[in-house]
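Single-letter residue listing:
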Amino acid sequence: MSSGFAALCFLLLHTGALGFGILPGSSLSHQEITMMAILNSTVQVCRALAQAEGTDFTFPAQPFTAEAVAVACGEPKSSKNYRQAIIFITLRNIRVDIRHALNGSFHFDEELFVQGRNIITEGIMVVKASNKQGNFESARQKMGEILHPLQDFYSHSNWVELGNKFPNANLIRSDTSIGNLADRNRATCRNCDGDDCRNNILADIIEEKVLTSGYFGVVPFASTKPKGKCSHGGAGDQTSKIEPKGGINKDSFDASHGHLHPDAANLAIAATSWLLEDIRGAAGDRPFLQMLGISKGSSKALCFVIDTTKSMSDDIEAVRAVTSSIIDNEVGTENEPSAYILVPFNDPDFGPMTKTTDPKVFKNVINSLSAAGGGDEEELSLSGLQLALTRAPQNSEVFLFTDGPAKDKHLKSTVIALIERTQTVVNFMISGTTVVNRRKRSKDNQNLNRIAESDAQLYRDLAQASGGLVVEVSKTELPEATSIITQFSRSSLVTLLQAARSPGRTDTFSFTVDGTVENVRVYITGRSVTFTLTSPTGEQSTDTTGPLITASQSVGNLKTLQLKSQVGLWKMKMESTNPYTLKVIGQSPIDFLFDFVEASQGPFTGYDSLDTRPRAGVNGSLLVTLTGSDSATVTEVTLVESSGSGEVKGTVEPRGGGNFLVLVDVVPLVEFAVRVTGRDGGAIVFQRQSCTSFRGSNVTVIADSNSILVPGTPFSVPFSVLTRGVGGNFTIRATINQRFDSTSPTNVFLETGVSANDTVTLSAPLNTRSGDDVTLTIEAEAPGGEDTNYVVLRIPVVNTVTDFTPPRCEQLGLKANCSANCSSSTWELSVRVTDGAEGTGVERVSLRRGNGTFNTSPASGNENITLVSYVSSCCEPEVELVAVDRVGNVGTCVFSSSPKVTPSPLLLPTVVLLGLHMLSKLGIP
C-alpha cells in the first residue's frame, strides 16, 4: 500500500470510532484495505487476460501503485482514470462513517447482522446490474458504500475471536445463514480487566461459536445496550462505561482488541478481494476493469450530441466523415475512445441515446441518421446535452452540433451543475452564418440583435463553465473545424491555461511549459482578436506565421497554433473588444485530480467530498492528487477567476504519495478554475489547470439516497435547503434524465440560517431495465437568480431479485489418456451447467483457468441448462469454469483430468488467498 493512501486516510476521517483506524501508522484503515484489494484484484485479472491472450505479464513491484498496475495491465494511459476510480470508491467508503455514523447496520454494530448483510447483498445486486448496462459510475458508487460494512464486520464482530481464518462467505449471499447468532437476551461479555480486554468475551460464546458484535453510543446515560452485551469500546463509545465495561473492536492497535487488529484487517482485505472476485465473475474481465477505470486505448469517450433538423444534413455528413476518420485511424491505438456515445435532438424530441464500445455499431448508427423537420428554429439542444452528460464517463469531451438556438434554456443551470459534477468538456460546433443570424425575422432590428446575442451567449456560458469552445463556422468550414477540435479526445491531454473574457478586453496571460509536455497547442475563439505571443527567451510572434509557431489553422472564429518546443514561462497578450477564449493544452503524463471537501458537521470530525458547490465567502478545502509521477510535488494551488484577474491562493499541506490537502481562506462566489503548480524531481516546474469552472454558493442543498428504485414503485427523495445569504422565496427545480413520472415542489420560503425540507417523488416504468439509473438534479435558486446551488444524485434502478442461487456444474463425462509424456496425450471433459428449475437461466459460462479447446451450447429446449465440452493437453490437468446466471449469481467449478482428484464446485479464489498474505508483505504480523 502506497504512503499516499495512508495520508489520505488521515485527511478524510480523523476518528477510529466506527471503523478501521484512520491515522497513518502501522494500523490499517478502510482506505488502505480497499486500495490493497483493488490493486491486487486488478493485477490478477490482467494476468489472467494476458495468459488467455498468450502474452507476457510482468508483476509490478510491491507495494503496488495505481500507475504501476496500469502499466502492468498494458494500459498506462488509464492510470489517471484508474486512480480516480479508486479514490471515488474509497471516498464513498469513508462517507459511510460520516453520514451513517450512528446507524449500526452500516457497521455490524449492536448485533445487526441481518440488516448489515442486507445492505451488502442489495448493493451487490446494484453493482452487478449496473455493470451489465455499462453504468460503471453507479457500480463504483455502490461498491464503496457496501465495502464499509463488509470490512467493519471483521473489526466489530467476534469473527476473529472465534478462531476463523477465512472470510465469512455468507455475507455476500442472502440465501444462507450468516452464522450462529447470539440471542438478544444472551449475555456475551464480562468487564475488561482494567485496560486489558483480551478475555472479556464470555467463554461459552467462544466455545459454542456464537456470533456477536459490540454496541455503540455517543450520548451518556442514553445507551440501549442490553444487559450483559459487549460494547464497541473506545473514547467515543459511552456504552463502554456501562457494565460490562470495555469493548471488542479491532479498528487499530490501540483499540480494545487491538492485539487482533492484523487478523481483522487481513480478513477484511481477503473479504474485499472475495467480493471483487464475485463482481468480476458476473461482469467478465474486461467490463470489470472498465468499472475500475482501465480500458483499452484512451480513457476518454467520443460523444456527439447532434441536431437532426432539416438544415443539418451537411453537418451530419461532416460528423460521419470525422467519425469514420477517428475510427479508421485510432482503433487499436492508444487514442482509441473507450466508448462511443450519440444523442440526436431536434424539436419536439431528443434521443434515444446510443452508447457502445463497438466502433462498427457506432458507425452504423451515425450512418443511419437523417435530417428532417425543424419548424420554429429553436431545438432541444440542452435536453440532448443533459442526457449525454449523465451517460458519458467522468472527464469526457462532448461535441454538440447545431445551427440553431436552444428552445430549452431553462435547463442551463441544470447542465452547468452536471458539467461541474462530471468535469466534462463541452464544445459547441455552430454552423451556418452563426447562431446570431438564424432567427425569426422581426421589424425591430435592435430587439433581434439583443435576442440573438443572448442565444449565442448561452452557448458561450456553457462552454466556459466546462472549459470547452464555441466554434462558429459556415457549413463548408465545418469538416475542417471538426477535425481540429476532435483532437481534444486524444489521451494524456492536460490543460496549461484556460481563460475567457466577455466582453473582450486587452489582457496578458501566462502559462508554463515543462519538459514533460509535448505537442503544445493554443486555441483561440473570437472575432477580430489579435495577440502577441512571447516565449521564455523573449522571442515574439504577432500572427499565425511567427517564429514561435510551427503550424496553424484558422477556420470561422477559431484559430489554432502549434508552438515551438521551448520549456519555461510563456506569455500571451490578447486584444479585442469582442468576447474571446484562450485555451492552451499539451500532452503529458503529469496531471492532477481534485475534490472539494468539507469538514463533517456530525458527531465525528473528518472530511466528506462535496456533491454540491462549496460554501462561498468562507474558508474551504480541496483534496488534490497528482498523477503520472512518483516524485512530483505540489508547491501552490490557486483558485483563478475564469473571467477576471482575481486569485485566491491556498495553503498546501503535503500528505505523501501525491496527495495534498489545500486550505483556502475564502471560496469565490464568481466562477473560478483550479490551478496547480509544482515540481517534479526538484527540477521541472509544471503548471496545470482544471478545464471546468466552479463557483461558491451561499445556498446549501442536501439530499442523500442509498436506496434502490424498483420499477413501478414510488420512490421518495427527501431534501433540505438552507441559505446563509438573504432569505425569501427560493425557486426549486428538480430534473431527471429519464422520462419517468415525478413530482417536486417549485419553491420554498427560507429564512436566513433556517433550513426547509421537502421531497421529490419519482417512479420508473415497469419495463425499465434492471441496472439502469436515473440522475436527479435538485437546484435551489435565490430570489433574483444571483445565487444557485444543487445536489446531483445517481439513483440505481434494479428489479426485484428472487434468485440467489448460483449455477451448478455436473460432470457428464471424463476421458483421460494421459501418459508420462503429457505433451503427446489429451483429456476430454463434458459438463452440464444448470441454474435449477427456479433459476433465471444460465447467461454465460466462461473459462477462467485452462488453455484447452472450450465450447458451450444450450441444451435443447431448456434455457436453464448449458452444455460444456473441453479438450486439453494432459500437461494442463485442471480447468476452472465460471458460470453466471441472468441476475449475476456466480458459480465456480474446478475439474481435473485425474480421477483421484475430487472436483471442487467452489474454491476460495486465488486472489483472496493472495490477499491473506498482504499484511505479512507489509511487515505487519
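This structure is a prediction, so every number in the text was calculated from the model and none was measured.

Undergrad: What is the right way to look at the overall build of the chain in this model?
TA: A tally of regular secondary structure across the chain gives 17 helices and 39 strands. Here the chain holds 925 residues, and the buried ones make up 59% of them. For the chain, restricting intrachain contacts to residue pairs at least 6 apart in sequence, the fraction spanning at least 24 positions comes to 72%. Surface summary for the chain: the accessible area is close to 35,300 Å², and the carbon and sulfur share equals 49%.

Undergrad: Looking at this model, I keep getting lost on the side chain of Arg675. Mind explaining?
TA: Considering the arrangement of structural elements, one finds Arg675 in strand E23 (residues 672-680). For Arg675, a relative accessible area of 16% translates into the label buried. A polar contact is formed between the side chain of Arg675 and the side chain of Glu647, at a distance of 3.3 Å. Excluding its chain neighbours within four sequence positions, the residues that come into contact with Arg675 are Glu636, Val637, Thr638, Val640, Glu647, Gln687, Arg688 and Gln689.

Undergrad: Is there a simple way to think about the packing of aromatic side chains in this case?
TA: Two measures describe an aromatic ring pair: the distance that separates the ring centres and the angle between the ring planes. As enumerated under the stated definition, the model contains 19 aromatic pairs in all. Ring geometry for Phe108 and Phe153: centres 5.2 Å apart, planes at 75°, overall edge-to-face. Of this pair, Phe108 sits in the loop between helix H4 (79-99) and helix H5 (113-132) while Phe153 sits in helix H6 (residues 136-156); the two residues are 45 residues apart in sequence, bridging distant segments of the chain. Pair check on accessibility: Phe108 and Phe153 agree, each one buried. With 5.3 Å between their ring centres and 70° between their planes, Phe596 and Phe694 make a pair best called edge-to-face. On the criterion of sequence distance, the pair formed by Phe596 in strand E16 (residues 591-599) and Phe694 in the loop between strand E24 (684-689) and strand E25 (699-703) is long-range, its members being 98 residues apart. In this pair, the class of Phe596 matches that of Phe694, namely buried. Cluster of aromatic residues (ring-pair linked, three or more members): Phe108, Phe113, Phe153, Tyr154 and Trp159. The side chain of Arg739 reaches across the aromatic face of Phe350, ending 4.5 Å from its centre.

Undergrad: What exactly am I supposed to notice about the environment of Ser174 here?
TA: Relative to the helices and strands, Ser174 is located in the loop between H6 and helix H7 (203-207). Ser174 sits in the partly exposed class, given a relative accessible area of 29%. Along the backbone, Ser174 and Val114 are 60 residues apart, and their C-alpha atoms lie at a distance of 9.1 Å. Non-local contacts of Ser174, meaning those with residues more than four positions away in its chain, are made with Arg117, Thr121 and Phe804.

Undergrad: Hey, could you run me through the sheet that holds strand E4 (residues 397-402) in this one?
TA: Strand pairing in a sheet is mediated by backbone hydrogen bonds. Such pairs are either parallel or antiparallel. Pairing is mixed in the open sheet, where six strands are placed in the order E3-E2-E1-E4-E5-E6. At either margin of the open sheet sits one strand with a lone partner, and together these are strand E3 (354-356) and strand E6 (470-472). Looking at each pair of strands side by side, their axes are set apart by 15° on average, direction ignored. In the sheet, strand E1 (residues 302-307) pairs with strand E2 (residues 340-345) via six bridges, with the strands oriented parallel. By the bridge assignment, Leu302 is partnered in E2 with Tyr340.

Undergrad: Is there a simple way to think about the packing of H5 against helix H8 (residues 261-283) in this case?
TA: Helix-helix packing: each pair is described by the crossing angle between the helix axes and the interaxial distance. Close contact between H5 and H8 brings their axes to 9 Å; oriented N to C, the two are set at 35°. When you trace H5 past H8, the crossing you get is right-handed. Where H5 abuts H8, its residues Ile120, Ile124, Val127, Lys128 and Asn131 lie against Leu275, Asp278, Ile279, Ala282 and Ala283. For the contact of H5 with H8, the per-class residue count stands at seven nonpolar, one polar and two charged.

Undergrad: In this structure, what is going on with the pairing of strand E19 (residues 632-641)? I would like to understand it.
TA: Every other side chain in a regular strand lies on the same face of the sheet, so the side chains alternate between the two faces. Two elements, E19 and E23, share nine bridges in a ladder whose sense is antiparallel. Residue pairing in the sheet places Val637 in a bridge with Val676 of E23. Judged from the three bridges that link them, E19 and strand E20 (residues 647-649) form a sheet pairing that is antiparallel. Within E20, the position partnered with Leu639 by the bridge is Val648. Hairpin connection from E19 to E20: five residues lie between these consecutive antiparallel strands.

Undergrad: What is the right way to look at the pattern of salt bridges in this model?
TA: Pairing between side chains of opposite charge can happen when the charged atoms of each approach one another. Counted by the stated rule, this structure contains 46 salt bridges. For Glu75, the salt bridge identified is with Lys296, shortest N-O distance 3.9 Å. On the criterion of sequence distance, the pair formed by Glu75 in the loop between helix H3 (66-72) and H4 and Lys296 in the loop between helix H9 (285-291) and E1 is long-range, its members being 221 residues apart. Looking at Lys296, the relative accessible area reads 47%, which means it is partly exposed. Between Glu137 and Arg794 there is a salt bridge; the shortest N-O distance is 3.4 Å. One end of the pair, Glu137, is in helix H6; the other, Arg794, is in strand E32 (residues 788-796), and 657 residues separate them in sequence. Taking the relative accessible area as the measure of exposure, Glu137 reaches 17% and is therefore buried. Since its relative accessible area comes to 13%, Arg794 is described here as buried. Here the salt bridges share partners, and the residues they tie into one network are Arg92, Arg95, Arg99, Asp608, Asp611 and Asp704.

Undergrad: Can you help me understand the pairing of strand E8 (residues 507-513) in this one?
TA: Extensive coverage of E8 is indicated by the burial of five of its seven residues. As paired elements, E8 and strand E14 (residues 568-575) share seven bridges and run antiparallel to each other. Counterpart to Val513 in the pairing with E14 is Gly568.

Undergrad: Is there a simple way to explain the packing of H6 against H8 in this structure?
TA: Where H6 meets H8, the axes come as close as 8 Å, and the angle between the chain directions of the two elements is 145°. Every pair of crossing elements has a handedness; the one defined by H6 and H8 is right-handed. For the pair H6 and H8, the contacting residues are Met143, Ile146, Leu147, Leu150, Gln151, Tyr154 and Ser155 in the first and Ala264, Leu267, Ala268, Ala271, Thr272, Leu275, Leu276 and Ile279 in the second. When grouped by side-chain class, the residues that make up the contact of H6 with H8 number twelve nonpolar, three polar and no charged.

Undergrad: Looking at this model, I keep getting lost on the state of the cysteines. Mind explaining?
TA: Disulfide: a covalent bond formed between the sulfur atoms of two cysteine residues. Going through the model one piece at a time under the given rule, you end up with six disulfides. When the cysteines of the chain that form disulfides are numbered from the N-terminus onward, they connect as 1-2, 3-6, 4-5, 7-12, 8-10, 9-11.

Undergrad: Is there a simple way to think about the confidence of the model for the chain in this case?
TA: A low pLDDT means the predicted coordinates there should not be read in detail. Put simply, the chain has an average pLDDT of 87, and 90% of its residues get 70 or more. Averaged over each element, pLDDT in the chain is lowest for helix H1 (residues 3-12) (34) and highest for H7 (97). This model gives residues 434-451 a pLDDT under 50, and the stretch forms 27 contacts once residues within four places in sequence are excluded. In this model residues 901-925 is a low-confidence stretch, pLDDT under 50, and it forms 57 contacts with partners more than four residues away in sequence or in other chains.

Undergrad: Is there a simple way to think about helix H10 (residues 313-330) in this case?
TA: Residues three or four positions apart in an α-helix share a direction because the helix packs 3.6 residues into each turn. Here H10 spans 26 Å end to end across 18 residues, near enough to the 26 Å set by a 1.5 Å rise per residue. Listed as buried for H10 are Asp315, Ile316, Ala318, Val319, Arg320, Val322, Thr323, Ile326, Ile327 and Glu330. Directly after H10, the chain includes Gly332, whose backbone phi takes a positive value near 90°.

Undergrad: For this particular structure, what's the right way to read the sheet that holds E8?
TA: Read across the sheet, four strands follow the order E8-E14-E10-E11 without closing on themselves; strand pairing throughout is antiparallel. Pairing within the sheet leaves two strands with one partner each, and these edge strands are E8 and strand E11 (540-541). Looking at chain direction, strand E10 (residues 530-534) and E11 are connected through two bridges and run antiparallel. By the bridge assignment for E11, Leu533 is matched with Ser541.

Rules used in this analysis
- In this convention, every chain numbers its residues from 1, walking through the sequence in written order.
- The predicted nature of this model means local features are confined to residues of pLDDT at least 70 and side-chain atom pairs, given and counted, to a pLDDT of 80 or more, with totals for whole chains, interfaces and linings taken over all residues.
- Computation of side-chain values: all heavy atoms of the structure, hydrogens and water removed.
- Secondary structure elements are taken from DSSP: a helix is a run of H or I of four residues or more, a strand is a run of E of two residues or more, and numbering for both begins at the N terminus.
- Only protein chains enter the accessibility calculation, which uses a 1.4 Å probe; a residue whose area is less than 20% of its type maximum is buried, one above 50% is exposed, and one in between is partly exposed.
- Here, residues are in contact when the closest pair of their heavy atoms is within 4.5 Å.
- Using the Shrake-Rupley algorithm and a 1.4 Å probe, accessible areas are obtained, with residue cover drawn only from the displayed protein chains.
- Throughout this description, a polar contact denotes any pair of N or O atoms lying within 3.5 Å of each other; where both atoms belong to protein, one of them has to be capable of donating a hydrogen while the other can accept it, and for residues adjacent in sequence the pair is counted only when both atoms sit in side chains.
- Any two rings among Phe, Tyr and Trp, with Trp reduced to its six-membered ring, count as a pair given centres within 6.5 Å; such a pair is stacked if its planes are under 30 degrees apart, edge-to-face if over 60, and tilted if neither.
- Whether a charge sits over a ring comes down to the Lys NZ or Arg CZ being within 6 Å of the ring centre and within 35 degrees of the ring normal.
- Here, a strand pair is defined by DSSP locating no fewer than two bridges between the strands.
- In this analysis an axis means a line fitted to C-alpha atoms, helices contributing only their contacting stretch, and an angle means the value between N-to-C directions, from 0 to 180 degrees.
- Two helices cross in a left-handed way if the nearer one is turned anticlockwise from the farther one by less than a right angle. They cross in a right-handed way if the turn is clockwise.
- In the scheme used here, Gly and all other residues not listed as nonpolar or charged are polar, with Ala, Val, Leu, Ile, Met, Phe, Trp, Tyr, Cys and Pro taken as nonpolar and Asp, Glu, Lys and Arg as charged.
- When a carboxyl oxygen of Asp or Glu is within 4 Å of a side-chain nitrogen of Lys or Arg, the pair counts as a salt bridge.
- Two cysteine sulfurs form what is called a disulfide whenever their separation falls within 2.5 Å.
- The quantity called pLDDT is the predictor's confidence in a given residue, expressed from 0 to 100.
- In a helix, the anticipated span is given by 1.5 Å times the number of residues less one.

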